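Per-entry structural report
In case you want the letters, here they are:
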Amino acid sequence: DKFEKKFSEIFLNKKECVSTGSGTDALHLAYVLAGIKKNDEVIVPVFTCTATNIPLLYIGAKIKFADIDPKTMNISIESIKKLISKKTKAIVCVHYGGIPCDMDEINKIAKKYKVKVIEDAAQALGASYKGKKIGTLSDFTTFSFQAIKHITTGDGGMLCIKNKKLIEK
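Structure report, in brief. Just so it is clear, the structure is predicted and the values come from calculations on it, not from any experiment.

**Here we look at helix H1 (residues 2–11)**
Residues of H1 that are buried include every one of Glu4, Phe7 and Ser8, and no others. Relative to the axis of H1, the buried residues are bounded by an arc of 100 degrees and lie together on one face. Away from the buried face of H1 by more than 90 degrees, exposed residues Lys2 and Lys5 are located. Where H1 is buried, its residues contact strand S1 (17–20), strand S8 (140–144) and strand S9 (157–161). Downstream of H1 by a residue or two, Asn13 has a phi angle that is positive, lying close to 50 degrees.

**Let's talk about the pattern of salt bridges**
Applying the stated criterion across every chain yields a total of four salt bridges. Lys81 is the partner of Glu78 in a salt bridge, and the nearest nitrogen-oxygen pair spans 3.7 Å. With Glu78 and Lys81 both in helix H4 (residues 77–83), this residue pair falls three residues apart, about one helical turn. For Lys81, a relative accessible area of 42% corresponds to the partly exposed category. A salt bridge links Asp104 to Lys130, with the nearest nitrogen and oxygen atoms 2.5 Å apart.

**Digging into a nonpolar patch on the surface**
A grouping of Val46, Phe47, Phe65 and Tyr96 is seen on the molecular surface, where their side chains present a nonpolar patch of about 350 Å² in accessible area. Relative to the helices and strands, Tyr96 resides in the loop between strand S4 (88–94) and helix H5 (103–113).

Definitions and cut-offs
- Residues numbered from 1 in each chain as written.
- Predicted model: local features only at pLDDT ≥ 70, side-chain atom pairs only at ≥ 80, totals over all residues.
- Heavy atoms only, no water.
- Buried < 20%, exposed > 50% of the residue type's maximum accessible area, 1.4 Å probe, protein only.
- Helix = DSSP H or I, 4+ residues; strand = E, 2+ residues; numbered from the N terminus.
- Arc of directions from axis to C-beta.
- Contact = heavy atoms within 4.5 Å.
- Salt bridge = Lys/Arg side-chain N within 4 Å of Asp/Glu carboxyl O.
- Patch = residues over 30% accessible without salt bridge, like charges linked within 9 Å, V, L, I, M, F, W, Y side chains within 5 Å.
- Areas by Shrake-Rupley, 256 points an atom, 1.4 Å probe, with all protein chains shown as cover.

So this is what it looks like as structure tokens:
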């Protein structure tokens, strides 16, 4: 409880968060809370750690790989637009190397198609996007505290959830 509170104060403008056993666990929990089920389509970047996708395989979701922007190495907005469909349940973006994705555009697409946005911020602890802290922008944001991350607990993760009703769940 103390760790969650302090993390929230320092990195999330006191937004609610839940600690997990790993960054992968945080992603898995985000996918479950987002309502992703077997055969749901989820758009993810082709360039990411396997941890982004392994929980989707557990669930049985259909992974749709989006190209990346060669300038940022983040998910390509144009690729998302080509892949999104009525079957899409979520867009997962990864802030590669701590460089934030184009969250305005991603959230605009998500709103249009009524899908959830899940940010994998394993490499973006302390980053901000247009003056707003990563972890405060989307439906779900995950962080990792694995041994080679910005701060470490040996392993561990954190899930930030925009909808306070989902915290207890």
